Amino acid sequence: MIEESRIASRPLGRKSFGRQLLRNWQLYVFLAPAIVYFLVFYYWPMYGIQIAFKNYVPSKGFLGSPWVGFDHFERFFHSYYFWDLLWNTLSISFYALAIGFPLPIILALAFNEVRNGAFKKTVQTVTYAPHFISMVVMCGMIITFLSPSSGMIVRIIELLGMEPAAFLTDPRWFKTVYVLSEVWQSTGWGAIIYLAALSGVDPQLHEAAIVDGASRFKRMWHINLPAIAPTIVILLILNMGNILGVGYEKILLLQNPLNQESSDVISTFVYRSALINGQYSFSTAVGLFNSVVNAFMLVMVNLIAKRTSNNSLW
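Residues numbered from 1 in each chain as written. Predicted model: local features only at pLDDT ≥ 70, side-chain atom pairs only at ≥ 80, totals over all residues. Heavy atoms only, no water.

- Under an unreviewed UniProt entry, the name given to the chain is Sugar ABC transporter permease, and the source organism is Cohnella nanjingensis.
- Its UniProt record gives the chain a comment under Sequence similarities (unreviewed entry), which states: "Belongs to the binding-protein-dependent transport system permease family." (UniProt positions renumbered as here; feature names shortened; annotations may be inferred.)

Put into structure tokens, the structure is as follows:
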């Protein structure tokens, strides 16, 4: 009897889905471009991952090139530059995460406490503006500001009676320049997500806390911060899932032979190997290693967050 009911329910489920599809066809049409975009630009190119396990020759194509197995991976893992690339990538990523992740939270909490509307809008505009500057222009500004001969920041340091460092050529300063400029460009924009989460806080909670004598700092700590905690966890998971994905554009634009010791990361190495040296199979193998590690970090951090805070992506 139970089996008959299950069999009878299957066509009804398909019919109900078909009915829903017809009833909400406008929504599915609206969703279709996004689905096509991901299929064409993200899933279909995965077909080319196979060249990481082949000795790819353009004239022979994907199918005609001979298989070499894990030779390219072994070559990368046993190379003298493997640990340097890994260290530079991880150190820049964790440095940027340690400095850049909490600042948008602090800025959003500060904006939420400001009551002067004109001042709040002005500061928000100033902090959001750098996000809209293109990467090429941003790197040009950084190079101009830190130029040893005419840089504005160098001149200010000299006026204060201090000796300016070689910010653009000293390998010890590259990571700091990269991270602080990244913070300048992205902190204000990143605060928007937290401000949106703070807008959903029930005002009655603050009213009750004020009646109980809670100070503004205590209300922020015990009401606002827990309210945005799920958002913080989700964004932390996404950031950890991209821990080896340091973008090559900015690093490539700020890189020079003098600071390459600390600025060369996996993404710039892949760019140089593929587009400059023509080592397509080897660079694909390195990029695949990068993606696998990022996916592993995403799954692990999501699992930890799910078990500790019950907040996760899935």
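1. A few points about the packing of aromatic side chains
Two aromatic rings, taken as a pair, are described by how far apart their centres are and by the angle between their planes.
So, step 1. This structure, assessed with the given rule, holds 28 aromatic pairs.
So, step 2. Ring centres 5.6 Å apart and planes at 65 degrees place the aromatic pair Tyr37 and Tyr42 in the edge-to-face group.
So, step 3. For Tyr37, a relative accessible area of 40% translates into the label partly exposed.
So, step 4. Look at Tyr42 and you get partly exposed, because its relative accessible area is 43%.
So, step 5. Aromatic side chains Phe82 and Phe289 sit 6.1 Å apart centroid to centroid with 55 degrees between the ring planes, which places their arrangement in the tilted category. Taken together, the residues span a long stretch of sequence, with Phe82 in helix H5 (residues 82-100) and Phe289 in helix H16 (residues 280-309) at a distance of 207 residues. (Phe/Tyr/Trp six-rings, centres within 6.5 Å; stacked < 30°, edge-to-face > 60°. Buried < 20%, exposed > 50% of the residue type's maximum accessible area, 1.4 Å probe, protein only. Helix = DSSP H or I, 4+ residues; strand = E, 2+ residues; numbered from the N terminus.)

2. Side note on the pattern of salt bridges
So, step 1. Evaluation of the coordinates by the stated rule reveals five salt bridges.
So, step 2. Asp170 serves as the salt-bridge partner of Arg172, at 2.9 Å between the closest nitrogen and oxygen.
So, step 3. For the salt bridge of Lys250 with Glu182, the shortest nitrogen-to-oxygen distance reads 3.1 Å. Remark: Glu182 occurs in helix H10 (residues 171-198) and Lys250 occurs in helix H13 (residues 248-254); sequence separation between them is 68 residues. (Salt bridge = Lys/Arg side-chain N within 4 Å of Asp/Glu carboxyl O.)

3. Quick look at helix H12 (residues 216-240)
So, step 1. The sharpest bend along H12 reaches about 45 degrees and sits at Ala229, with the proline Pro230 one to four residues further on.
So, step 2. Listing the buried residues of H12 in full gives Arg219, Met220, Ile223, Asn224, Ile228, Ile232, Val233, Leu235, Ile237 and Met240.
So, step 3. Along its buried surface, H12 packs onto H5, helix H6 (102-113), H10, helix H11 (203-211) and H16. (Bend = angle between axes of the 7 residues up to and from the residue. Contact = heavy atoms within 4.5 Å.)

4. Some remarks on H5
So, step 1. The end-to-end C-alpha distance of H5 is 26 Å, a good match for the 27 Å that 19 residues give at a rise of 1.5 Å each.
So, step 2. Of all the residues in H5, the buried ones are Phe82, Leu85, Leu86, Asn88, Thr89, Ser91, Ile92, Ser93 and Leu97. (Expected span 1.5 Å × (residues − 1).)

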